[in-house]
Amino acid sequence: MTERARAEGRAGVWSGSWVAERLGVELAGDDTLTDLLGLALRRNPKRAHLLVSNVLGKHVPQSPSVVYGHGVALGRRVRELLGAEAAERAVVLGYAETATGLGHSVADGLGPAPYLHSTRRPVTGVARAGGFEESHSHATSHLLLPEDPALLAGDGPLVLVDDEFSTGNTVLNTVRALHERYPRKRYVVVALVDMRSPADAGRLEEFARDIGARVDLVTAASGTVRLPEGVLEKGRDLVARYETRTAEPAPARPSGSAADPGPARPSGSVGRVDLRWPGGVPDGGRHGFTAAQRDRLESALPGMAERIVGALPPGARRVLVLGFEELMYAPLRLAHTLEQITDADVRYSTTTRSPVLAVDDPGYAIRTRLVFSAHDDPADGPGERYAYNVAGAGFDAVVAVVDSAADTSVLHGPDGLLARLAAHVPHVLLAVVPSYVPEAPQAPQASERPSMLPEPLRGPDFSSYAPDEVGWLLQDLSDVTLEAPTEEREEAIQSGGAHYAESLPVEYQPSEQYQELFHAALATSATRLARAVGAVTEIVLAERSPRPVLVSLARAGTPVGVLMRRWAQFRHGLDLPHYAVSIVRGRGIDANALRWLADRHDPADVVFVDGWTGKGAITRELAAALGDFEVSDGVTGFDPEIAVLADPGSCVRTYGTRDDFLIPSACLNSTVSGLISRTVLRADLVGPHDFHGAKFYRELAGADLSPDFLDAVSARFPDVADTVDAQAKELLSADRTPTWEGWAAVERISEEYGIHDVNLVKPGVGETTRVMLRRVPWKVLARAGAGADLDHVRLLAEQRGVPVEEVDDLPYTCVGLIHPKYTRGATGADGKAVTL
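Residues numbered from 1 in each chain as written. Predicted model: local features only at pLDDT ≥ 70, side-chain atom pairs only at ≥ 80, totals over all residues. Heavy atoms only, no water.

### Details of the overall build of the chain
Secondary structure summary: the chain contains 23 helices and 32 strands in total. Considering only residue pairs separated by 6 or more positions, the chain has 77% of its internal contacts joining residues 24 or more positions apart. Working note: accessible area of the chain is about 31,200 Å², and carbon and sulfur atoms make up 49% of it. (Helix = DSSP H or I, 4+ residues; strand = E, 2+ residues; numbered from the N terminus. Contact = heavy atoms within 4.5 Å. Areas by Shrake-Rupley, 256 points an atom, 1.4 Å probe, with all protein chains shown as cover.)

### Observations regarding the nonpolar core
Residues Leu 41, Leu 110, Val 159, Val 190, Tyr 364, Val 399 and Leu 421 are the most contacted members of the largest nonpolar core, which totals 131 residues. Ranked by the residues each element gives to this core, the list is headed by strand E9 (residues 186-194), at seven residues. When near neighbours in sequence (up to four residues on either side) are disregarded, Tyr 364 contacts Ser 15, Trp 18, Val 19, Leu 39, Ala 40, Leu 41, Leu 357, Ala 358 and Val 359. (Core = buried A, V, L, I, M, F, W, Y, C linked by side-chain atoms within 4.5 Å. Buried < 20%, exposed > 50% of the residue type's maximum accessible area, 1.4 Å probe, protein only.)

### Focus on the pairing of strand E22 (residues 549-554)
Among the six residues in E22, six count as buried, and that is most of the element. Burial along E22 is two-sided: the face carrying Val 549, Val 551 and Leu 553 and the face carrying Leu 550, Ser 552 and Ala 554 are both buried. When E22 meets strand E25 (residues 606-612), the two strands line up parallel, connected through four bridges. The residue of E25 that forms the bridge with Val 551 is Phe 608. Examined bridge by bridge, E22 and strand E23 (residues 578-584) share five bridges and lie parallel to one another. Within the sheet, the bridge partner assigned to Leu 550 lies in E23 and is His 578. (Pairing = 2+ DSSP bridges.)

### Considerations on unusual backbone geometry
Ala 96 connects to Glu 97 through a cis peptide bond whose omega is -5°. Assignment of secondary structure puts Glu 97 in the loop between strand E4 (91-94) and helix H6 (100-110). Ala 554 connects to Arg 555 through a cis peptide bond whose omega is 0°. Position of Arg 555 among the secondary structure elements: in the loop between E22 and helix H16 (557-572). If you check the backbone angles, Arg 276 has positive phi at about 60° while not being a glycine. Notably, Leu 675 is not glycine yet its phi reads approximately 65°, a positive angle. When you line up the elements, Leu 675 lands in the loop between strand E27 (654-657) and strand E28 (693-694).

### Section: the sheet that holds strand E10 (residues 214-226)
Reading across from one edge, E1-E10-E9-E8-E4-E5 is the order of the six strands in this open sheet, with mixed pairing throughout. With one partner strand each, in any of the chains shown, strand E1 (26-29) and strand E5 (115-117) form the two edges of the open sheet. Put simply, the sheet's adjacent strands are angled 25° from each other on average, direction ignored. With four bridges joining them, E4 and strand E8 (residues 158-165) adopt parallel strand pairing. (Axes fitted to C-alpha atoms, helices over the stretch in contact; angles between N-to-C directions.)

### Remarks on the environment of Ala 405
Here Ala 405 lies in the loop between strand E16 (397-403) and helix H12 (409-412). For Ala 405, a relative accessible area of 35% translates into the label partly exposed. C-alpha of Ala 405 to C-alpha of Val 432: the two residues are 27 residues apart in sequence and 9.3 Å apart in space. Each residue touching Ala 405, except ones within four places of it in the same chain, is listed here: Arg 121, His 375, Asp 376 and Ser 435.

### A short note on the sheet that holds strand E31 (residues 804-807)
Spatially, the four strands line up as an open sheet ordered E29-E32-E30-E31, and their pairing is mixed. The open sheet is flanked by strand E29 (761-763) and E31, the only strands paired with a single partner. The average undirected angle you get between the axes of adjacent strands in this sheet is 20°. Relative to E31, strand E30 (residues 777-783) runs parallel, the two being bridged by four bridges. Bridging across to E31, Arg 783 finds its partner in Val 807.

### A look at the pairing of E4
With burial as the criterion, each face of E4 is covered, one bearing Val 91 and Leu 93 and the other bearing Val 92 and Gly 94. Alignment of E4 against E5, held across three bridges, turns out to be parallel. Note that in E5 the partner of Gly 94 across the bridge is His 117. For the crossover from E4 across H6 to E5, the handedness is right-handed. (Right-handed = clockwise from strand over helix to strand, strands pointing away.)

### Quick word on the packing of aromatic side chains
Geometrically, a pair of aromatic rings is defined through the distance of the ring centres and the angle of the planes. Per the counting criterion, the structure on display carries 13 aromatic pairs. Aromatic side chains Phe 289 and Tyr 329 sit 6.3 Å apart centroid to centroid with 70° between the ring planes, which places their arrangement in the edge-to-face category. Separated by 40 residues along the polypeptide, Phe 289 in the loop between strand E11 (269-273) and helix H10 (291-311) and Tyr 329 in helix H11 (residues 329-341) bring together distant segments of the chain. For the pair Phe 289 and Tyr 329, a shared accessibility class is recorded, and that class is buried. (Phe/Tyr/Trp six-rings, centres within 6.5 Å; stacked < 30°, edge-to-face > 60°.)

### What about the pattern of salt bridges?
Applying the stated criterion across every chain yields a total of 38 salt bridges. Among the ionic pairs, Glu 326 bridges to Arg 286, the shortest N-O distance being 2.9 Å. Within this pair, whereas Glu 326 is found in the loop between strand E12 (318-324) and H11, its partner Arg 286 is found in the loop between E11 and H10, the two being separated by 40 residues in sequence. Residue class for Glu 326 comes out buried when judged on its relative accessible area of 11%. In this structure Arg 286 comes out as buried when scored by relative accessible area, which is 8%. The shortest N-O distance in the salt bridge between Arg 566 and Glu 469 comes to 2.7 Å. (Salt bridge = Lys/Arg side-chain N within 4 Å of Asp/Glu carboxyl O.)

### Thoughts on the packing of helix H7 (residues 169-181) against helix H8 (residues 203-211)
It is at 10 Å that the axes of H7 and H8 come closest, and there the two elements cross at 10°. Judged on the interaxial angle alone, H8 and H7 are roughly parallel. Across the interface between the two elements, Asn 169, Val 171, Leu 172, Val 175, Arg 176 and His 179 from H7 touch Arg 203, Leu 204, Phe 207 and Ile 211 from H8. Considered class by class, the residues forming the contact of H7 with H8 number six nonpolar, two polar and two charged. (Parallel < 35°, antiparallel > 145°, perpendicular 65-115°, else oblique. Nonpolar A, V, L, I, M, F, W, Y, C, P; charged D, E, K, R; others polar.)

### Considering the confidence of the model for the chain
Per-residue confidence for the chain averages 84 on the pLDDT scale, and 86% of its residues sit at or above 70. Of the regions scoring below 50 in pLDDT, residues 133-140 engages in 37 contacts with residues more than four places distant in sequence or in other chains. For the stretch residues 250-262, pLDDT sits under 50, and the model shows 25 contacts to residues farther than four places along the chain or on other chains. (pLDDT = per-residue confidence, 0-100.)

### Considering H8
Buried within H8 are the following residues: Leu 204, Phe 207 and Ala 208. For H8, the arc enclosing every buried residue in end-on projection is 105°, short of the 170-degree limit, so these residues lie on one face. Across from the buried face of H8, at angles greater than 90 degrees, the exposed residues are Arg 209 and Asp 210. Within two residues after H8, Gly 212 carries a phi angle of roughly 75°, on the positive side. (Arc of directions from axis to C-beta.)

### Structural notes on the side chain of Asp 628
Examined against the element boundaries, Asp 628 turns out to sit in helix H18 (residues 617-633). Residue Asp 628 is classed as buried on the basis of its relative accessible area of 14%. In contact with Asp 628, not counting residues within four places along its chain, are Val 126, Ala 127 and Arg 128.

### Considering the packing of helix H17 (residues 591-600) against H18
Two quantities define a packed helix pair, namely the angle between the helix axes and the distance between the axes. It is the contact of H17 with H18, at a shortest axis distance of 11 Å, that shows an interaxial angle of 70°. Comparing their axes, H18 and H17 come out roughly perpendicular. Read as a crossing pair, H17 and H18 show a hand that is right-handed. Along its contact with H17, which presents Ala 591, Leu 594 and Arg 595, the element H18 presents Leu 626, Phe 629 and Asp 633. Class assignment for the residues of the contact of H17 with H18 results in four nonpolar, no polar and two charged. (Left-handed = near helix turned anticlockwise from the far one by under 90°.)

Laid out in structure tokens, this is it:
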């Protein structure tokens, strides 16, 4: 970015004009919209444009007084709306990563109010108070990890702060998750801009009526994005044309060169400044931030800013304070104070996980892009991170502010942030803020825990499995009517009126043609299944425990657990204990089942078993739930690593195969899973000292194929024994580190198909089958050339009127898409799916 280009930008060239002129995109609404927002592009066939805030301090370096001032002003407006008494009882919740600093600034303007922001970083020893999905984001899973769980349990207003209110999905998901646990009467949604379409405008109000709460909206500006015909195709062409051009300009070249020179070598100096951060003050709101902690930070800020001034090179006239992903508030306040005590031109922005196309033009919001390696050991694995509009911006110095968890060898390595900055800026200063980790609470005394838990349910009284095959740590709800028509369940789930675990789908009974497909698939795949069962069991015995306790995640994991138990018996003469427990996405694993297991077995011997991985949601759910349990009960030793038959999503280390192929137990519901339903978790049926519930469908005994499935696979064990030995040996010596490529693919598909909710994208043959059997399907994406593994999916799709779209370069054999924004109007009179 040249000095002339910067001057052009300051002279009044709108940073959205480049996209607007080429695509015909128009921002319609308040006069201030173009001051607040620019436009950029990223590869996304379903949404050509990207709104880029000029006042958030994320992608665009901005004066810290402007960034902080916008947040404080919004907070003051919320205080006026609520009134002094209600404002004193309010709690502010900000969204990671983009709005953590904005939310904190709103809290300052509100009172100050206690503040908490969601996080994508699990913290060992800190229990979750909740979680939700930011469905339109590139990184979607949010955790709530307050040090004081009572922070969210009050009855005062909850103020939810995001940078942009575009569809309402994020807020709706949050309110849904929190209102189930901490119901309250009033919510206030705060955003810099309200950009909802007319179709989305009424959704939040309708949802508020459904839960019986008041929801207000406070924004700095509002409007909509008008898109002309053909904008998606034009956007794809533009991205394809420009993405091979310069994203990270070399120091010695003029900006805008046609070729990407690749990473530049460091030329600037790199130093460190000791901030002397005040002890006991959190680095941000990840675990909560109180008014008293704010007062302590305010007192310490001038001294810390003076130390930064002392470490800056003499004559530094243009200085950037660069924050780090969720760490936005601390660097913002440092920059704001620095701006007040120095004559330098101070700017503030942060690094980000979000990939955006860079085009060096004054009418485009993202001028340059620095690419560097993630350096905080993220839970979703290594990857690229970005700093925008830093290279070529004429900064004399950059003060990079990170927390101590991110001060790693990768940060200081040749591909790290510091080296990338030093290639473009003469002086780089590193300031490290101590990562705040709350002290673990005392574990409850034994007298506080449930004194007696029942023994496991076993067949034939509960399930059609033999009593020694599996013990179910569940309660029998067979006499309770829990089934609801698929369409009613889908509408309730997507509207926020119910959680999927509160009811059961009506059991689909397959046609004779479909049952024939099941038997054909079983005959074809039994040998392949036997090899995978043997391989994963051998890995468990070699790496986890010589006498493991198999604990399958009901119900998809249960047939696999039975088969693993049979392999250990066949090959090693072992009689392994096997139990089935319930885990529910968004609500965790059954804690009472964990207590029962910990009382009778060494937790270190427990191996959790599931059928397959999709995008890895249950893998993450289990890890977080076990962390919560360790905090709540003081019980350690449970290993969150799941053993699965197939790992097409590359989410675990312990698997039999990573191929995405047809596992026949996914083809049916209870009739291939011991006649047991999905598990149920509903407050009126499951008390605090109860196991989760499930039903035993005794009436379906005539259609039961559970023994047939197990016996068909077990019969192949002798034939595959030698092959399994070789396969297990190869896997044990291989690099099995999860890449989480499945999660990345799901996020991409969610955006490309305009779904904006990763929970509605179900990857893999098994998950796609579940969509067809239990949900309202929209369409199926099939890998081009996929063969017999998809015969049953194609048949179900034909029967339900669901289109099957062949896709090149699909990482799974297929992906099932649940109908987005479902209402019963989304199906025709014949019950078949229709297009949006």
